[in-house]
Amino acid sequence: MTDASALTAHPWFFCGIGGSGMLPLALILKGHGAQIAGSDRSRDQGRSPEKFDWLESLGFDLHPQDGSGITSAEQTLVASAAVEDTVPEVVRATTLGCPRMSRAQLLATLFNAAPFGVAIGGTSGKSTVTGMTGWIMTAAGTDPTIMNGAVMKNFASPDAPFASARVGQGDAFVSEVDESDGSIALYRPKVAVLGNVSLDHKSLEELRDLFGDFLARADVAAINIDDAETAALAPRAKTLVTFGITSGEAQIGAVDIVEGPITLTATVLDRRDDTSHSLALKVPGRHNLYNALAAIAAANAAGVSVADAVAALASFVGLARRFDVVGTSPGGVTVIDDFGHNPDKVSATLATLKAHPGRVIAFFQPHGYGPLRQMGAELAEVLARKLDADDLTVLCDPVYFGGTVDRSEGSQRIVRLIEDHGGKGEYIPSRADCAVRIAQIARPGDRVVIMGARDDTLTVFAKDLLAALD
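Residues numbered from 1 in each chain as written. Predicted model: local features only at pLDDT ≥ 70, side-chain atom pairs only at ≥ 80, totals over all residues. Heavy atoms only, no water.

Undergrad: How should the pairing of strand β18 (residues 360–365) be read in this particular structure?
TA: Successive residues of a regular strand alternate their side chains across the two faces of the sheet. Counted residue by residue, β18 has six buried out of six residues, so it is predominantly covered. On β18, burial covers both faces: Val360, Ala362 and Phe364 on one face and Ile361, Phe363 and Gln365 on the other are all buried. Of the pairings in the sheet, the one linking β18 to strand β21 (residues 447–452) comprises six bridges and is parallel in character. From the neighbouring strand, Val360 faces β21, where its bridge partner is Arg447. Of the strand pairs in this sheet, β18 and strand β19 (residues 392–395) are connected by four bridges, and their pairing is parallel. Directly across from Phe364, in β19, lies its bridge partner Leu395. Taken together, β18, helix α12 (residues 369–386) and β19 form a β-α-β motif whose crossover is right-handed. (Buried < 20%, exposed > 50% of the residue type's maximum accessible area, 1.4 Å probe, protein only. Helix = DSSP H or I, 4+ residues; strand = E, 2+ residues; numbered from the N terminus. Pairing = 2+ DSSP bridges. Right-handed = clockwise from strand over helix to strand, strands pointing away.)

Undergrad: Just checking my understanding: could you explain the pattern of salt bridges for this structure?
TA: A pair can form between side chains of opposite charge whenever their charged atoms are brought close. On inspection of all chains with the given rule, the structure shows 20 salt bridges. Across the salt bridge formed by Arg286 and Glu259, the nearest N and O atoms sit 3.6 Å from each other. Of the two residues, Arg286 sits in helix α9 (residues 286–301) while Glu259 sits in strand β13 (residues 252–259), which places them 27 residues apart along the sequence. Given a relative accessible area of 39%, Arg286 falls into the partly exposed group. Owing to a relative accessible area of 29%, Glu259 belongs among the partly exposed residues under this scheme. For Asp270, the salt bridge goes to Arg272, with nearest N and O atoms at 2.9 Å. By relative accessible area, Arg272 is classed as partly exposed at 40%. Taken together, the salt bridges that share partners define one network made up of Glu205, Arg208 and Glu229. (Salt bridge = Lys/Arg side-chain N within 4 Å of Asp/Glu carboxyl O.)

Undergrad: Which parts of the structure should I look at to understand the layout of surface pockets?
TA: To find leftover empty space, one rolls a probe the size of a water molecule over the atoms. Each pocket or cavity is described by its volume, and for the second largest pocket that value is around 190 Å³. Lining the second largest pocket are Pro261, Ile262, Phe323, Val325, Thr334, Ile336, Thr352, Leu353, His356, Pro357 and Arg447. Only β17 (334–338) and α11 (343–354) provide two or more residues apiece to the lining of the second largest pocket. Looking at the lining of the second largest pocket residue by residue, the class counts come to seven nonpolar, three polar and one charged. (1 Å grid on protein atoms, 1.4 Å probe; cavity = no way out; pocket = protein on both sides within 12 Å on 5 of 7 lines; lining within 4 Å. Points joined across faces, edges and corners; volume = space filled by probe spheres on them. Nonpolar A, V, L, I, M, F, W, Y, C, P; charged D, E, K, R; others polar.)

In structure tokens, the structure reads:
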């Protein structure tokens with residue numbers, strides 16, 4: 001990394017330091033020597049105490065979210081765009097005249113300061129592709145910095161249980177980049193990866209513009225040619241590497257695909273030099289094969305051979321909360337923890353589950369009232385159509401940690417829409433009561449998948465549910 005030293009010359013304060021987008025940024029900045037303090041509403045509410053204990057053990061100075069940690073106009077306040085002006089840190093920083101950066105602005109500054117940025121974009125799969133690409137490049141000896149929105153199991157250890165970032169000394173900076181807030185426009189990548197384009201937080205018209213410009217800014221673009229929306233943006237790229245499964249035009253493709261319940265094997269074809277390579281993944285599902293091809297293409301565009309990339313993926317063990325098998329009860333019920341929260345992600349998870357026998361009980365905690373309004377109808381259709389008559393979806397109320405959001409439309413509407421599409425759904429307001437209900441009805445051979453975002457305690461919920469099934 002270059003120019004990062006300019007960012008370490010003054011102190012920082014992270015409002016919401018435990019968040020999935022904030023924590024890895026704080027780790028990277030601290031890895032470059034910055035002095036960092038922070039606060040988090042989750043810490044004040046007693047949620048995920050082990051995460052905050054770990055941060056304090058690393059030397060982060062943590063405060064209650066009451067403004068007391070903002071002590072000097074020298075501090076730069078980092079807060080996501082969603083943080084309201086009434087939050088005490090924002091009020092205090094405004095009073096003192098502290099500079100302020102959004103999470104995306106800080107990430108873009110760090111990313112653009114690196115000599116060789118690899119940016120992973122797309123509606124779904126970004127975190128997994130980032131983890132895979134980072135692992136490939138680490139195995140290849142490039143010593144990259146990696147910024148991820150999820151814990152990368154390959155880099156996690158007892159000393160680093162929340163390894164959503166890796167601080168390297170090499171030129172490469174591998175990061176997922178977000179289109180939901182438009183911040184993807186801030187990045188200037190050498191390599192841009194685009195997996196898929198579909199409805200999530202923005203309209204397709206807006207997404208086409210954002211992703212098209214993203215490809216145009218890169219020296220090399222790696223795109224999923226099987227995705228019609230992504231393929232349509234190919235003319236925007238300066239230089240192109242294409243990947244896919246169904247298209248015979250894909251430069252990097254896959255054949256002889258064998259899906260297991262928690263693994264996948266395939267033969268990767270590099271049609272540019274007519275070579276083939278045996279791929280063995282420890283993560284299941286066709287969507288993860290697409291993720292692997294994206295990572296192979298990205299790493300190849302960054303100078304790693306296809307053969308070396310494929311070999312490295314054999315030891316990739318996945319991300320926390322990405323089809324993360326928590327365990328199987330003595331009675332034969334398997335619990336899976338998953339980040340699925342938009343229609344694409346939920347669809348991919350359910351397709352992976354339904355590729356193998358056994359009833360599915362899908363528990364879904366919506367990650368907010370706003371997102372539920374935006375994509376609730378499409379989500380309900382996916383839950384109804386991907387699951388069979390014997391399967392069940394259970395929804396609790398959306399996650400809500402305070403604020404002024406409109407809470408008039410919630411999970412009851414989604415259950416109604418699931419039933420309108422011929423599926424089976426139950427609305428139980430309390431998450432704890434959902435666990436009781438699931439434990440009552442689960443039977444041998446069932447797969448219970450816990451889905452949702454923006455709430456670390458879902459993993460604890462999944463582990464507690466497994467224990468209740470004993």
